[in-house]
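# A closer look at the structure
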Amino acid sequence: MMFARYGRFLLAGIGLILLGLLTIPPTVDHARTSIREARAQRADPFPSGVMRVGINPNNPPFAFYTPQGEMIGFEVDLAHALAAEIGVEVVLVPVGFDALFDALTADRVDILIAALIADNFRGTRAELSQPYYDAGLMLVNAMGWDAMRDVAGHALAFQLGGTADEVARNWSRRIAPFTMLPYETPDHALDAVRLGIAPAALVEASAVAGYLRAHPDWTPDTPYVVNQPYVVGVRAGASAIRREVNRAISALYRTGQMQTLIERWL
Amino acid sequence: MIDAMRFVSSWLFRLGCVALTVALLTPAPFRFVTAPPQTLITENPHVCVHTDLIHEVDEWKIERSLSLVREMGASTIVEFFPWAYVESERGVYDWRQADRIVHHARNQDVTIIARMGLVPDWARPDDSTLNTLPPESDRYFAEFVAAFAARYAGIIDHIIIWNEPNLAFEWGFADFSPERYADLLRVVYPHARRGNPDVVVLAGALAPTLEPEDSTNGLNDLLYLERMYQAGAADYFDGLAVHTYGFNQPADAPPAPSALNFRRAELLYAIMAEHGDAHKPVYITESGWNDSPRWTYGVQPSARIAHTLDAFRIVADDWEQARRLCLWIFRHPTPRNSYRDHYTLVTPEFQIKPIYYAVQAYALGAEADGVPLWLPAPQEVR
């Protein structure tokens, strides 16, 4: 009778204990090691005083070589600015895009600044910082448009075969019909808007910036309609480095240095 | 005692009901129905594409990809069959994904060239990259290649050993010398032939690069091939896999040792001929142009289309030794979110790019209709 009366509480208790056991990490030693490592990293994420930055130098204007063999670009300057903010020396390590994450895994670099777009897959290979730039697509127009729906029933200029082409064709299946105006180059698509041939163009942000610099009297709306945030990659588990990079990026934004870099290069 | 037993049996019954309900809630396994067998139609069988089906989760996407490959008029695909995926546990082979790909390729009447690489955890040091192959694991890799060759004998008769061995990261930043690669070929070749006596072992697949002798990143492909021969590799491959990209030069740009362009393949072939291998076939297993707006080596999408078609014509008309020209890469299962997306012919969402239709027209022998793909440049009104 006693068991029947209190048995359900006993079972419930056992169940709770079992659930509690499930929350214990499978390898206690490993967890302790990780905590120790994390504490050590928190103390000094760059114990050598040097930050090795993996950079893909084939990506102008983000990073590229001059004819004299000097590596320059937005991400080169960003690496130096981050290092100054963190208080370490910087060593730039040129790495081809395909080898970036292996270079991180093999401990040849500490971080990657290489036009990495944040996505779930990269999140499994590295820790990712907060964004430092959005290389997405802008809907350039003088109509007050700021979204896909605004294009319905009108026309849209873009570069044939590029990312904007893919997005435009995708939009054509999602909203009311609109006229697609494929041009050979992004500049031609923007010319079409500036000259009143098309109401809007879909163009990548850095191409828009370059075009607007060449046409300073033209001031269209340039809302982002597709985001491609660039982030810094840090070795998985090196959370202290990621935190330090995030802090430095925030500081660069706060002090206006990031905007200066963007305006200089992009 | 009886009460306790009743109580326990009552609870067991309830738990059984819950378990049964949960089991019934589990969706039935997805049943995939294969389309009827298809027949390839092409006027230019040297048209080939490199695919990325091994990373495809959904079977219908494998079928859809291969259907699009066939409809484009490509006779052949190059596909990666990583050792690490098939033999993640030593001696235990999981062929399910490879079987799926082979099944659908045959159903679409498309031939496969298989690329072998990537090392399972048990065959490499801790904390090393998937490309790390210690010499002591060469024989395990060779056993895998033999098992693969035997399983697909008569279906897959071309196997590429390793990928771009002249790059450091393709070896996990360990020894990437031509001598190391020659040693690997020496171990693998007899195993592959034992698995399938008719298999054509393709070596090379060298990355086109100008890296000098003392570089830690890689080695110039011409120097690498020369040293492969000096290391005695000639007896351990039946044909050369070639990677030749156009970068930002047109297809007919003249080759030169200091230039990276499509016709650099001719320099590799000249080295083969110097070493008495002119009779061996060449398979261009990676090629193409990239239309990323930012990559240093990218071109406009319009130029990419024009250069690609010119490359196919060069292979057909001038390169007798070349059996296939395989474009990198048909489609990725997910976006790469980098310049690599600009090599594809079809997006992850199966949206077909303009270059697909251009290659299709060429492969099927269709005459260009003369209609430009893009609008003329807008003109200022003065």
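Moving on, we get to helix H7 (residues 221-230) of chain B. Each full turn of the α-helix corresponds to 3.6 residues, which orients residues three or four apart in the same direction. Residues and elements named next belong to chain B. Within H7, burial applies to Asp221, Leu222, Tyr224, Leu225, Met228 and Tyr229. The buried residues of H7 occupy an angular sector of 165 degrees when projected down its axis, which confines them to one face. In the core, the buried residues of H7 are packed alongside helix H6 (178-195), strand S5 (200-206), strand S6 (239-245) and helix H8 (265-274). Measuring from the side-chain oxygen of the N-cap residue of H7 to the backbone nitrogen of Leu222 gives 2.7 Å; that N-cap residue is Asn220. Just past H7, the residue Gly232 takes up positive phi, approximately 85 degrees.

Residue and element names in this part refer to chain A. Computed from the structure, the second largest pocket encloses a volume of approximately 700 Å³. Of all the secondary-structure elements, those providing two or more residues to the lining of the second largest pocket are strand S6 (111-117) and helix H6 (163-172). Looking at which element gives the most residues to the lining of the second largest pocket, the answer is H6, with four residues. In terms of residue class, the lining of the second largest pocket is built from 13 nonpolar, 13 polar and seven charged. The residue makeup of the lining of the second largest pocket includes at least three contributed by each of domain 1 (45-134 + 229-265) and domain 2 (137-226).

Within the open sheet, the three strands sit side by side as S2-S3-S4 (chain A). Their pairing is antiparallel. The outermost strands of the open sheet, each flanked by one partner alone, are strand S2 (58-59) and strand S4 (71-72) of chain A.

With that settled, consider the interface of chain A and chain B. Each side of the interface is counted separately: chain A has 50 residues, and chain B has 39 residues. Here chain A and chain B share an interface that buries about 3700 Å² over both sides, 56% of which is from carbon and sulfur atoms. Here chain A is connected to chain B by three salt bridges. Glu204(A) is paired through a salt bridge with Arg294(B); the nearest N and O atoms lie 2.8 Å apart. At the junction of chain A and chain B, the tally comes to 13 residue pairs in polar contact (both at pLDDT 80 or more). Of all the elements in the fold, those that place two or more residues in the side of chain A that touches chain B are helix H1 (2-22), S2, helix H4 (100-105), H6, strand S11 (179-183) and helix H7 (186-194) of chain A. Among the residues making up the side of chain A that touches chain B, the classes are represented as 24 nonpolar, twelve polar and 14 charged.

Basis of the calculations
Residues numbered from 1 in each chain as written. Chains lettered and ligands numbered in written order. Predicted model: local features only at pLDDT ≥ 70, side-chain atom pairs only at ≥ 80, totals over all residues. Heavy atoms only, no water. Buried < 20%, exposed > 50% of the residue type's maximum accessible area, 1.4 Å probe, protein only. Helix = DSSP H or I, 4+ residues; strand = E, 2+ residues; numbered from the N terminus. Arc of directions from axis to C-beta. Contact = heavy atoms within 4.5 Å. Polar contact = N/O pair within 3.5 Å; in protein donor to acceptor, adjacent residues only side chain to side chain. 1 Å grid on protein atoms, 1.4 Å probe; cavity = no way out; pocket = protein on both sides within 12 Å on 5 of 7 lines; lining within 4 Å. Points joined across faces, edges and corners; volume = space filled by probe spheres on them. Nonpolar A, V, L, I, M, F, W, Y, C, P; charged D, E, K, R; others polar. Domains from an automatic or database assignment. Pairing = 2+ DSSP bridges. Buried area = accessible area lost by both parts, 1.4 Å probe. Salt bridge = Lys/Arg side-chain N within 4 Å of Asp/Glu carboxyl O.

Worth remembering: the numbers are spatial, not functional.
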